[in-house]
Amino acid sequence: MKASRQSPVSSNTPNHLKTICGPVYQQCSHFTTTRPDLALMHQPGTLDGHHVQKPSDPAGLDLEEMFFDIKKELKSQYDIEEIAKYYFDGQGKAVRPLITVLMSRAINHHVHGDGRLYESQLQIAKITEMIHTASLVHDDVIDDADIRRGKTSVNFLYGQRKAVMAGDYILSVASAMLARIRNEEVIVILSQVLADLVQGEFMQLGSKENENARFAHYLKKSFKKTASLFAHSCKSVAVLSGADETMQEIAFQYGRNIGLTLQIVDDLLDFVSSSSVLGKPAAADLKLGLATAPVLFACEKFPELNPMIMRRFQEPGDVERTLELVHKSDGLEQTHYLAQQHYQECLRIIKSITPSVEQKALVTIAGKILNRVK
């Protein structure tokens, strides 16, 4: 089904969002980094008889308004509304909707010569954040986590049964919003994300004996649990822009690589950041029995980690010994190098899109994701 060209979304951006990458779109202040800020940019203009302001933040998306809209969608006469809205408080990084909107404007500029944002593309940004948040709710139930984003988790506050239902409710509302876009191709694309999330969770429950198979398993799982949402949301907004298949693939591959960069850095930070910085327990993956990139790389120098991986660090002293060996090896350095490779691929891919404020912001946010410390 061909995407129709809808009217652009107005860009009434509040003062606290009026910087690009300084930190990018204010929400990127959650990504603490040493990278220098970029200059403030303004590009006002007119289009098709409508005044279109290119706001000083390149995404042109009012995140406060987005969370308000999501909460409005989640209204219910039952207690589930309060639980479902719990994480939509604007305290998350909101990097997924940010990248979705930046990609929308960048591709619209490439295809149509302007950086407008279509209503349907903004809807994809909201849906993306809702799918991500629902997955966090479900993850916390599976992991029995008591902290999320520096505050008490939903399942700890309301119990696991209500938390599961709240996550399901968020997904059901997001699915209804997706259906209202009335684009069959986009519905199929984003539906794959839900399948990938479940498959990724099942992959996380298992481990491979062969070291090479184990690393391939880790990367595939990381794509399904994290990068799939980035990749498919970027592809969806490219479809809605009317972009050809080549440009759709460019959007997908940028999303894939930015998602893998984020996940690999996240796995690195689990070994080097404190609980207070992360907003969740440090070494959480090890305590859940998960072998991520730092451990897999450390295995090359310390084979004694292999049996610990296979028993999922369940014996007394396994977690402490693994932490010690990871820090003694070059596992952390190799993990950062792996993240850099995916970051460099982001830079290579994004060059295929016509230069614009938004295209440059996609480069900058990739750097901030690579260099973040929380």
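Above this text is the structure in question.
Residues numbered from 1 in each chain as written. Predicted model: local features only at pLDDT ≥ 70, side-chain atom pairs only at ≥ 80, totals over all residues. Heavy atoms only, no water.

Caption draft 1: Region of the structure containing the overall build of the protein chain. Scanning the protein chain from N- to C-terminus turns up 16 helices and four strands. Counting only contacts in the protein chain whose residues sit at least 6 apart along the sequence, the fraction spanning at least 24 positions is 73%. Of the accessible surface of the protein chain, which amounts to about 16,200 Å², a share of 52% is contributed by carbon and sulfur atoms. (Helix = DSSP H or I, 4+ residues; strand = E, 2+ residues; numbered from the N terminus. Contact = heavy atoms within 4.5 Å. Areas by Shrake-Rupley, 256 points an atom, 1.4 Å probe, with all protein chains shown as cover.)

Caption draft 2: Broad picture of the side chain of Glu129. Here Glu129 is to be found in helix H4 (residues 119–143). Here Glu129 falls in the buried class, since its relative accessible area comes to 2%. (Buried < 20%, exposed > 50% of the residue type's maximum accessible area, 1.4 Å probe, protein only.)

Caption draft 3: Geometry of helix H16 (residues 357–371). The end-to-end C-alpha distance of H16, which contains 15 residues, comes to 21 Å, matching closely the 21 Å that a straight helix rising 1.5 Å per residue would cover. Burial of H16 is extensive: twelve of the 15 residues sit out of reach of the surface. For H16, the full list of buried residues reads Val357, Glu358, Gln359, Ala361, Leu362, Thr364, Ile365, Ala366, Gly367, Lys368, Ile369 and Leu370. (Expected span 1.5 Å × (residues − 1).)

Caption draft 4: Structural context of helix H14 (residues 318–328). Inspection of H14 places Asp318, Val319, Thr322, Leu325 and Val326 among the buried residues, and these make up the whole buried set. An end-on view of H14 places all buried positions within 130 degrees of arc, on one side of the element. Against helix H9 (245–272), helix H11 (284–287), helix H12 (293–298), helix H13 (305–310) and helix H15 (331–350) lie the buried residues of H14. (Arc of directions from axis to C-beta.)

Caption draft 5: Focus on the packing of aromatic side chains. Counted according to the given criterion, the structure contains five aromatic pairs. Pairing Tyr86 with Tyr158 gives two aromatic rings, centres 6.4 Å apart and planes at 85 degrees, and the pair type is edge-to-face. On the criterion of sequence distance, the pair formed by Tyr86 in the loop between helix H2 (80–84) and helix H3 (95–112) and Tyr158 in helix H5 (residues 154–158) is long-range, its members being 72 residues apart. In this structure Tyr86 comes out as buried when scored by relative accessible area, which is 17%. Summarising the aromatic geometry, the rings of Phe215 and Tyr218 are spaced 5.7 Å apart at their centres and angled 70 degrees between planes, so their arrangement reads as edge-to-face. Of this pair, Phe215 and Tyr218 both sit in helix H8 (residues 211–241), separated by three residues, roughly a single helical turn. You'll find Phe215 and Tyr218 in the same group, each marked buried. (Phe/Tyr/Trp six-rings, centres within 6.5 Å; stacked < 30°, edge-to-face > 60°.)

Caption draft 6: Spatial organisation of a nonpolar patch on the surface. Nonpolar side chains collect at one region of the surface, where Val198, Phe202 and Leu205 lie side by side and expose about 340 Å² of accessible area between them. Relative to the elements of secondary structure, Phe202 occurs in helix H7 (residues 184–204). (Patch = residues over 30% accessible without salt bridge, like charges linked within 9 Å, V, L, I, M, F, W, Y side chains within 5 Å. Salt bridge = Lys/Arg side-chain N within 4 Å of Asp/Glu carboxyl O.)

Caption draft 7: Main features of empty space enclosed by the protein. Applying the stated criterion across every chain, the model contains two cavities of 30 Å³ or more. Space inside the largest cavity adds up to approximately 150 Å³. Taken together, 15 residues make up the lining of the largest cavity; nearest its centre are Gln204, Gly206, Ser207, His217 and Ala291. Secondary structure elements with two or more residues in the lining of the largest cavity: H7 and H8. The element best represented in the lining of the largest cavity is H8, accounting for four residues. Split by residue class, the lining of the largest cavity holds six nonpolar, five polar and four charged. (1 Å grid on protein atoms, 1.4 Å probe; cavity = no way out; pocket = protein on both sides within 12 Å on 5 of 7 lines; lining within 4 Å. Points joined across faces, edges and corners; volume = space filled by probe spheres on them. Nonpolar A, V, L, I, M, F, W, Y, C, P; charged D, E, K, R; others polar.)

Caption draft 8: Region of interest: the side chain of Asp196. Structurally, Asp196 is set in helix H7. Setting aside its immediate chain neighbours within four residues, Asp196 contacts Phe223, Lys224, Ser228 and His232.

Caption draft 9: Representation of the pattern of salt bridges in the model. With the rule as written, the count across this model stands at 17 salt bridges. The partner of Arg372 in a salt bridge is Asp266, and the shortest N-O contact between them spans 3.6 Å. With a gap of 106 residues between them, Arg372 in the segment after H16 and Asp266 in helix H9 connect regions that are remote in the sequence. On the basis of relative accessible area, Arg372 is assigned to the buried category, the value being 4%.

Caption draft 10: Region of interest: a negative patch on the surface. Together, Glu211, Glu300, Asp330 and Glu333 make up a region of like negative charge exposed at the surface. Relative to the assigned elements, Asp330 resides in the loop between H14 and H15. With relative accessibility at 38%, the residue Asp330 sits in the partly exposed group. (Lys, Arg positive; Asp, Glu negative; His and termini not counted. Charge placed at Lys NZ, Arg CZ, Asp CG, Glu CD.)

Caption draft 11: Focus on the nonpolar core. Counting 82 residues, the largest nonpolar core has Leu74, Ile99, Met103, Met130 and Tyr254 as its most contacted members. Among residues more than four places away in sequence, those in contact with Leu74 are Glu81, Ala84, Lys85, Phe88, Met130, Tyr169, Ile170 and Val173. Within the second largest apolar cluster, eight residues are counted, among which are Ile83, Tyr87, Val137 and Val141. (Core = buried A, V, L, I, M, F, W, Y, C linked by side-chain atoms within 4.5 Å.)

Caption draft 12: Representation of the environment of Val237 within the structure. On the secondary structure map, Val237 appears in helix H8. Taking the relative accessible area as the measure of exposure, Val237 reaches 0% and is therefore buried. Spatially, the C-alpha atom of Val237 lies 9.6 Å from that of Gln123, the residues being 114 residues apart in sequence. The contacts of Val237, once residues within four sequence positions are left out, are Thr100, Met103, Ser104, Gln121 and Ile124.

None of the figures reported here should be taken as evidence of function without further support.
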